[in-house]
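Coordinates in review
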Amino acid sequence: MELEIKLFASLRKFNQELERIEVDDGITILELFDKAGIPPSEVAIVLVNGRHAALDQPLHDGETVAAFPPIAGG
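Remember, it's a predicted structure, so these values are computed and weren't measured experimentally.

Let's talk about the sheet that holds strand β1 (residues 2-7)
The strand order across the open sheet built from 5 strands is β2-β1-β5-β3-β4, with neighbouring strands paired in mixed fashion. Each having just a single partner strand, β2 (20-22) and β4 (51-52) make up the two edges of the open sheet. Alignment of strand β3 (residues 45-48) against β4, held across 2 bridges, turns out to be antiparallel. Its bridge partner being in β4, Leu47 is matched across the sheet by His52.

Looking at the environment of Ile21
Along the polypeptide, Ile21 turns up in strand β2. In this structure the C-alpha to C-alpha distance between Ile21 and Met1, which are 20 residues apart in sequence, comes to 8.3 Å. Once you skip the residues sitting within four places of it in the chain, Ile21 turns out to touch Met1, Glu2, Leu3, Ile5, Leu32 and Lys35.

A closer look at the environment of Leu7
Its location among the elements puts Leu7 in strand β1. Once the C-alpha coordinates of Leu7 and Val65 are considered, the two residues, 58 residues apart in sequence, prove to be 8.5 Å apart. In this structure, Leu7 is in contact with Arg12, Asn15, Ile38 and Ala67, ignoring residues within four places of it in sequence.

Rules used in this analysis
- Residues numbered from 1 in each chain as written.
- Predicted model: local features only at pLDDT ≥ 70, side-chain atom pairs only at ≥ 80, totals over all residues.
- Heavy atoms only, no water.
- Pairing = 2+ DSSP bridges.
- Helix = DSSP H or I, 4+ residues; strand = E, 2+ residues; numbered from the N terminus.
- Contact = heavy atoms within 4.5 Å.

Keep in mind that these numbers describe shape and distance, not what the molecule does.
Below, the structure is given as structure tokens:
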């Protein structure tokens, strides 16, 4: 199956070219990050199709995964 991955801010350093990835059916977000070389400890927020998601959530063909690092500011 094919997924779209959107990496924001500092997470882009882990894979600047990644936009789509072919994976096995039923892969979880955590397994996807491992396959894409993205350390889960660097990710603060994950959205699947615009909704918050847990790292153990299984993914389905055509979904979009967006990952955001911790954000600081004032």
